[in-house]
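# Working through the structure, step by step
What follows is each chain in one-letter form.
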Amino acid sequence: MTAKIIDGKAFAARVRRDVAAHVATMKERHAMTPGLAVVLVGDDPASRVYVKNKHASTVEVGMNSFEHRLPAETHEGDLLALIARLNTDPAVHGILVQLPLPDHIDSALVINAIDPAKDVDGFHISNVGLLGTGQKSMVPCTPLGCLMMLRDHHGSLSGLNAVVVGRSNIVGKPMAQLLLGDSCTVTIAHSRSKDLPTICRGADILVAAVGRPEMITGDFVKKGATVIDVGINRIDAGAGKTRLVGDCHFDSCAAQAGAITPVPGGVGPMTIACLLANTLTACARSHGLSEPEGLTA
Ligand code: NDP
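Residues numbered from 1 in each chain as written. Predicted model: local features only at pLDDT ≥ 70, side-chain atom pairs only at ≥ 80, totals over all residues. Heavy atoms only, no water.

## Examining the site of the ligand
In the vicinity of the ligand there are 23 residues, among which Arg167, Ser168, Ser191, Arg212 and Thr271 approach most closely. One of the side-chain nitrogen or oxygen atoms of Ser168 is found 2.6 Å away from an oxygen atom of the ligand. In this structure, Ser191 approaches the ligand through a side-chain N or O atom, which is 2.5 Å from an oxygen atom. Looking at the shell around the ligand, the element that brings in the most residues is helix H10 (residues 267-286), giving three residues. (Near = heavy atom within 4 Å. Polar contact = N/O pair within 3.5 Å; in protein donor to acceptor, adjacent residues only side chain to side chain. Helix = DSSP H or I, 4+ residues; strand = E, 2+ residues; numbered from the N terminus.)

## Quick notes on the sheet that holds strand E6 (residues 185-189)
In space, the six strands of this open sheet follow the order E1-E11-E8-E7-E5-E6, with parallel pairing throughout. A strand with exactly one partner marks an edge of an open sheet, and here the two such strands are strand E1 (4-5) and E6. Pairing geometry for strand E5 (residues 161-165) and strand E7 (residues 205-208), over four bridges, is parallel. Of the residues in E7, the one forming a bridge with Val163 is Leu206. (Pairing = 2+ DSSP bridges.)

## Points about the domain arrangement of the chain
According to the domain assignment, the chain contains domain 1 (31-118) and domain 2 (141-269). Here the C-alpha centre of domain 2 lies 29 Å away from the C-alpha centre of domain 1. (Domains from an automatic or database assignment.)

## Focus: the packing of helix H2 (residues 45-60) against H10
H10 packs onto H2 with a crossing angle of 55° between their chain directions and a minimal axis gap of 10 Å. In terms of their interaxial angle, H2 and H10 are classed as oblique. Between H2 and H10 the crossing geometry is right-handed. Across the interface between the two elements, Asn53, Lys54, Ser57 and Thr58 from H2 touch Ile272, Leu275 and Leu276 from H10. For the contact of H2 with H10, the residue count by class is three nonpolar, three polar and one charged. (Axes fitted to C-alpha atoms, helices over the stretch in contact; angles between N-to-C directions. Parallel < 35°, antiparallel > 145°, perpendicular 65-115°, else oblique. Left-handed = near helix turned anticlockwise from the far one by under 90°. Contact = heavy atoms within 4.5 Å. Nonpolar A, V, L, I, M, F, W, Y, C, P; charged D, E, K, R; others polar.)

## Here's the deal with the environment of Lys223
Residue position: Lys223 is located in the loop between E7 and strand E8 (226-229). Separated by 220 residues in sequence, Lys223 and Ala3 have C-alpha atoms that sit 9.8 Å apart. Among the polar contacts listed, one links the side chain of Lys223 to the side chain of Gln256, at a separation of 3.1 Å.

## A few points about the nonpolar core
Core analysis: the biggest nonpolar cluster contains 54 residues, and Val19 and Leu179 have the highest contact counts within it. Elements supplying a minimum of two residues to this core: helix H1 (8-30), strand E2 (35-41), helix H6 (141-154), E5, helix H7 (172-181), E7 and H10. No other element matches the 11 residues that H10 contributes to this core. Mapping this core onto the domain boundaries places at least three of its residues in each of domain 1 (31-118) and domain 2 (141-269). Val19 has contacts with Val61, Met63, Leu276, Ala277, Leu280 and Leu295, leaving out every residue within four places of it along the chain. With 19 residues, the next largest nonpolar core counts Ala3, Ile216, Val227 and Ile260 among its residues. (Core = buried A, V, L, I, M, F, W, Y, C linked by side-chain atoms within 4.5 Å. Buried < 20%, exposed > 50% of the residue type's maximum accessible area, 1.4 Å probe, protein only.)

## Description of the sheet that holds strand E4 (residues 94-97)
Here three strands make up an open sheet; going across it, the order is E3-E2-E4 and the pairing parallel. At either end of the open sheet lies a strand with only one pairing partner, and these are strand E3 (64-70) and E4. When strand polarity is set aside, the average angle formed by the axes of neighbouring strands in this sheet is 15°. Where E2 meets E3, seven bridges bridge the pair, whose relative direction is parallel. By the bridge assignment, Leu40 is partnered in E3 with Arg69. Against the sheet, H2 touches E2, E3 and E4, its axis set at about 160° to E3.

Following this line, the structure appears as structure tokens:
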């Protein structure tokens, strides 16, 4: 069997185009521009790249981008004061604090200081609770991107068996909640799960969010299943070079799967696209406008 490659890069470009069209309409009809504030504390090189990419993407779809770069030694109180200001700033509809924060800052305290309506990462405890109880919430970007690709591929997910490998708060758990919300029968597996290959072979939809390069191999995959590989792992490619691989061993999984996301070019590009979608949604909700269709859970 040759698996269909789910092209996350092309899908994300489509989402960004949709967002840009909605932003243009908002500007024209309501004289309103969605704004995203990104806060970076310290100078972790990977975080700086992410923040730069987020800024460029935000501007590209016509939104306002507000960047706040603070030194690594910033006091927790000063960061909380900035968040309090952003919470009341009417030009800011989404607030994202780039993680990880320096060790002396309590990340949970900071995330929970963000106005839940502006919490475009969906990490605030109120949004976690709303998602868990099937209510309207801000949904974490990476699982939202996975859900969009799955809906696009399958149409209805109702009644399908889904296995999510990984139980982190940012990917595994919200992914499982979203799949449950779409009426899948959901299993969450983790490092203590027994006989992982057998659990995974029961899946019509297999989501790998483990952080272990190429751990999921073809013998974990039921013939015809859809495989969503969230993992991003940089491995040694010899000759002083590195390359990116997912949590799934692509060739052996693709030989079994009906459809699969590649790494790179699968889930990764969807994450920023969904951040933009969430900012648009937050702006629409804050002004009582109808939510952009197809861009929310
Ligand atoms: P975490 O490290 O927070 O969680 C990993 C999960 O995998 C844990 O629940 C852990 O189980 C489980 N796990 C680890 N080893 C095994 C094993 N041998 N068998 C079964 N389960 C195992 O990672 P994240 O959820 O943050 O990220 C997962 C992957 O997704 C990473 O590669 C990360 O880089 C990538 N990622 C990609 C994003 C994107 O934009 N595409 C965004 C976010 C993450 P336990 O809880 O028992 O320890």
